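What follows is each chain in one-letter form.
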Amino acid sequence: MITKEATAPAPAPARTDLEPPRPAKKRRPAWDEVPRRQIYLPLGIYLVFTLIPFYWILLFAVRPAGSTSLVPWPMTTEHFEKVWTDRGFGTYFTNSVYVGLATLVMTTLVALAGGYALARFDFRIKRGFMLALLCSQFVPGALLLVPLFEIFAELQMINSLGSVIIAETVFQLPLSIILISNFIKNVPYSLEEAAWVDGCGRFRAFRIVVLPLLRPGLIAVGSFAFVHSWNHFLFALMFLNNQSKQTIPVGLNSLMSADSVDLGALAAGGIVAAVPVVIVFAFIQKWLITGFSAGAVKG
């Protein structure tokens, strides 16, 4: 009887055209996997360089006159009393608050109307108007002094806080209108249409539906206008001649003379000027970041 021997299959020849396996790509460490020293060390160095000037101002403001100590002890309030009463910073502070709040209200209202028109309506010169707004940001405020001074002189508004308020509002409007316009574009137009179907007019639909959604943008625009008018020096210097009408930046400039500078009084005045702005920004920081980030993106 003839039997066939079982034969094993021949092994397949090895392929030589296969690429060698690539090394696994190194995964980028996540935020929570980064060593804390790589985060806190640069931030700490930056914080030191940022806080040293503020500490220096505080040191001159609270240490006695003639002292050279690097530690403000014993502390004194004589410099604050001097600038608030003798130098008239109480009046300057009141004038700055009035100018800042008035500029905030006027800039926000006009920018809200102009931004809504640019966001919701199409008209022939819309692109040209937007281009003019953008180009106006390249014009320095010093070039506006002569025409504004002539206009205010004709209107008999020289040495009036109203002239500074109008000038600050005009200077802030282009950027404010652009930000509000971009922010309104991010609000769905269908929300207004739904309000119209329910019987609301355009103004009522805007007030009930759109305006509550613009809170971050309004806070961003208003705070920017307030801080700029609070710190702006040029318009107040040129349009206000009476000392009782001047603002804090002009008051700080009056503390410096050609012969000497009262460093203690100047530092105290700087703290008086900075503290209100710091307090305001501490409360509106969240809304400010949201407003600027949303207004900077085209909807």
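Now for a look at the structure at hand. (Residues numbered from 1 in each chain as written. Predicted model: local features only at pLDDT ≥ 70, side-chain atom pairs only at ≥ 80, totals over all residues. Heavy atoms only, no water.)

Judged by nonpolar contacts, the single largest core of 19 residues is most densely connected at Leu112, Ile177, Ile180, Ile184, Phe206 and Leu214. If you list the elements that add at least two residues to this core, you get helix H3 (89–120), helix H6 (161–185), helix H8 (202–210) and helix H9 (215–231). With seven residues, H6 is the largest single contributor of residues to this core. Apart from residues no more than four positions distant in its own chain, Leu214 is found in contact with Leu112, Phe183, Ile184, Val187 and Phe206. Listed in part, the 18 residues of the second largest apolar core include Leu252, Leu255, Ile271 and Val277. (Core = buried A, V, L, I, M, F, W, Y, C linked by side-chain atoms within 4.5 Å. Buried < 20%, exposed > 50% of the residue type's maximum accessible area, 1.4 Å probe, protein only. Helix = DSSP H or I, 4+ residues; strand = E, 2+ residues; numbered from the N terminus. Contact = heavy atoms within 4.5 Å.)

Let us now look at the packing of helix H4 (residues 126–136) against H6. One can describe the packing of H4 onto H6 by two numbers: an axis separation of 8 Å at closest approach and a directional angle of 130°. By the angle class used here, H4 and H6 are oblique. In this structure, H4 crosses over H6, and the sense of that crossing is left-handed. Here Met130, Leu133, Leu134 and Ser136 of H4 lie close against H6, whose contacting residues are Pro174, Ile177 and Ile178. (Axes fitted to C-alpha atoms, helices over the stretch in contact; angles between N-to-C directions. Parallel < 35°, antiparallel > 145°, perpendicular 65-115°, else oblique. Left-handed = near helix turned anticlockwise from the far one by under 90°.)

With that out of the way, let us pick up unusual backbone geometry. In this structure, Gln156 is a non-glycine residue whose phi angle is positive, near 55°. For Gln156, the location among the structural elements is in the loop between helix H5 (145–154) and H6. For Asn159, which is not glycine, the phi dihedral falls at a positive 65°. If you trace the backbone, Asn159 turns up in the loop between H5 and H6.

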